[in-house]
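Summary of the model geometry
If you want the building blocks of each chain, they are given just below.
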Amino acid sequence: MTRSFYPPQRTLMGPGPSDVSPRVLGALSRPTIGHLDPVFIRLMDEIKALLQFALQTENELTLPVSAPGSAGMETCFVNLVCPGDKVIVCQNGVFGGRMRENVERCGGIAVMVEDAWGEPVDPEKVRAAFAAHPDAAILAFVHAETSTGVRSDAATLCAIARENGALSIVDCVTSLGGIEVSVDLWGADAVYSGTQKCLSCVPGISPVTFSPMAVERIAARQHKVQSWFLDMQLVMGYWGGSAKRAYHHTAPVNNLYALHESLVMLEEEGLEAAFARHALNHRALVAGLEAMGLSMAVAAEHRLVQLNSVVIPEGVDDAAVRAALLNDFDLEIGAGLGALAGKTWRIGLMGHASCERNVMHCLNALEAVLAGQGARVASGLAAARAAYER
Ligand SMILES: *Cc1c(COP(=O)(O)O)cnc(C)c1O
C-alpha cells in the first residue's frame, strides 16, 4: 500500500486551473538544477523573451513572479501605489473588488467606478471619474473578468489613463494566451497575468510587465515598498538583465521549466492561431448550449471566448449538477461567484482545454446530467458539430 497521491484524471473546464498539456507536465518533471546555475540563467532569459512575445511588449521589466496571479496583482499595486495616492478602480466583478482591497492596503485612496456584474467597464464613467478626480495617479481595471465572463475594452481604458496623465494597471490573468493582449499597443503600464488559465501551465506563477513610465515611478518612490518579497527593485537583483545575479529567493525552478514549455507551445502555435482556436471552440460551445435550450448570461459582443457564463435554468439544482459532472464525467465546471452565485455556471475553454473534444464532452455530459434531473433539454451536439463544419 503506497502513501503516494494519485489524482483522478479530470477535464478542467472551470475558471482555472485549466487542463495542462502532457508536454508541460513532462517539462515539470525534468531534473531540478540550481537557481543560479548558468544553464538556468539562460532559461530565465528565454522565459523573459517569450513573455515579451506573449504580452506583445518590449518592456525591459518583464518577468514571472514566483507566486500565483494574486501575487502578480499585488506586485503591481505595492510597487506603484504609495500612501495617499488616488487610484481609480473599475469594478464589474470579483477581481475589481480585490484591486480596491490592494489599493487600500497600500494606503492609497480608491475611487470606485462600478458597473453591473455581467457588463463591461463603461469608458464614459471612467472619463467622468478622471474629471472629478484630476489628481488620480493610476487607473486599474480587469481586462477579462473571470467571475462574469466579460471582456472590457483595454485599449480605450489605457488611452483614457494616458490622456489624464495617469498610469494603468491591467489584470490580464484570464486573457493572456486566449485573446489579444497588446501591452505596447494599448500603452498599458503595469500588466499581470497567471499561468493556470489560458497559458495552460501549472498554477503558481504570475507573469508581470512594467512600462518605462511605470519603472520611472517605481524608481522615484520615497516610500519603501511594504512587501519585501514583491519589491521589484529587489527582485531585479535576481531577474535583472545584467550578468551578475544575486540571490533574492529560490526561484520555483521546475515550475519555470513548465512555464517555458507552455510559452514555447504558444509560440509554435502562433498568437493569432491560438486566439482563433479559442474563438472557434467558444462558438461551437455556445451553439450547442443554445440548441439545448440554455442561454448565455453575457451579451454576445462582451463575451469572453475562454470563460462562458451560462444561466442556470429554473428549477435545476446548481450544486447537484456540478457534483454529477465531476463524479460521473470527471468534468469540472465553475460555479457562479459573488452576485452570480447560484445563477450561472462558468464553463472555461482555456488554453489546452480549448478543444473540440472538450466542447463535445461537456455538451454530452451536461445533457445527460440535466436529463437525469428531469430538466427538459434537447441535444446540443449537432449544433456544435455544425459550428465546426462552417
Ligand atoms: C484567477 C484570477 C486571478 C487570481 O489568480 P490566482 O492564480 O488564482 O491567484 C486574478 N484575476 C483574475 C481576473 C483571475 O481570473
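Nothing here was measured: the structure is a model prediction, and the numbers come from that model. (Residues numbered from 1 in each chain as written. Predicted model: local features only at pLDDT ≥ 70, side-chain atom pairs only at ≥ 80, totals over all residues. Heavy atoms only, no water.)

**Comments concerning the pairing of strand β8 (residues 167-171)**
In plain terms, the rule: Only protein chains enter the calculation, and the probe is 1.4 Å; a residue is then buried if its accessible area is under 20% of its type maximum, exposed if over 50%, and partly exposed in between. A run of DSSP states H or I qualifies as a helix once it reaches four residues; a run of E qualifies as a strand once it reaches two. Both are numbered from the N-terminal end. Note on pairing: DSSP must find at least two bridges between two strands before they are called paired.
By the criterion of burial, β8 is predominantly enclosed, with five of the five residues buried. Here β8 shows no split at all, with L167, I169 and D171 on one side and S168 and V170 on the other all buried. Strand direction decides the pairing type here: strand β5 (residues 138-142) and β8, joined by five bridges, are parallel. Across the sheet, residue F141 finds its bridge partner in β8, namely V170. Pairing between β8 and strand β9 (residues 190-192): three bridges, direction parallel. Considered in β9, the bridge of I169 is made with A190.

**Side note on helix α5 (residues 123-132)**
Which entries qualify depends on this criterion: Summarising the geometry, the arc corresponds to the directions from the helix axis toward the C-beta atoms. Residue contacts are defined here by distance: any two heavy atoms, one from each residue, within 4.5 Å place the two residues in contact.
If you check which residues of α5 are buried, you get V126, A129 and F130. Seen from one end, α5 has its buried residues packed into an arc of 100°, which puts them on one side. Facing away from the buried side of α5 by more than 90 degrees, the exposed set consists of A131 and A132. Where α5 is buried, its residues touch β3 (86-91), β4 (109-114), β5 and α6 (154-163).

**Some details on the domain arrangement of the protein**
Under the convention used in this document: Throughout the structure description, domain borders are defined by an automatic or database domain assignment. Summed over both partners, the accessible area (1.4 Å probe) lost when two parts come together is defined as the buried area. Two N or O atoms form a polar contact when they lie within 3.5 Å of each other; inside protein one atom must be a possible hydrogen donor and the other a possible acceptor, and for residues adjacent in sequence the pair counts only when both atoms belong to side chains. In this count, Pro and Cys sit with the nonpolar residues alongside Ala, Val, Leu, Ile, Met, Phe, Trp and Tyr, while Asp, Glu, Lys and Arg are called charged and the others, Gly among them, polar.
Examined at the domain level, the protein breaks down into domain 1 (22-267) and domain 2 (271-389). Centre-to-centre separation of domain 1 and domain 2, based on C-alpha positions: 29 Å. Contact with domain 1, which involves 27 residues of that partner, is made by 23 residues of domain 2. Both sides together, the interface formed by domain 1 and domain 2 hides about 2000 Å², and carbon and sulfur atoms give 65% of it. When the area that domain 1 buries against domain 2 is broken down by residue, the three leading residues are W117, G149 and R151, summing to 22%. Viewed at the interface, domain 2 and domain 1 are joined by seven residue pairs in polar contact (both at pLDDT 80 or more). Of all elements in the fold, only α2 (38-55), β6 (144-145) and β7 (150-151) reach the threshold of two or more residues within the side of domain 1 that touches domain 2. Residues that form the side of domain 1 that touches domain 2 fall into these classes: 12 nonpolar, 11 polar and four charged.

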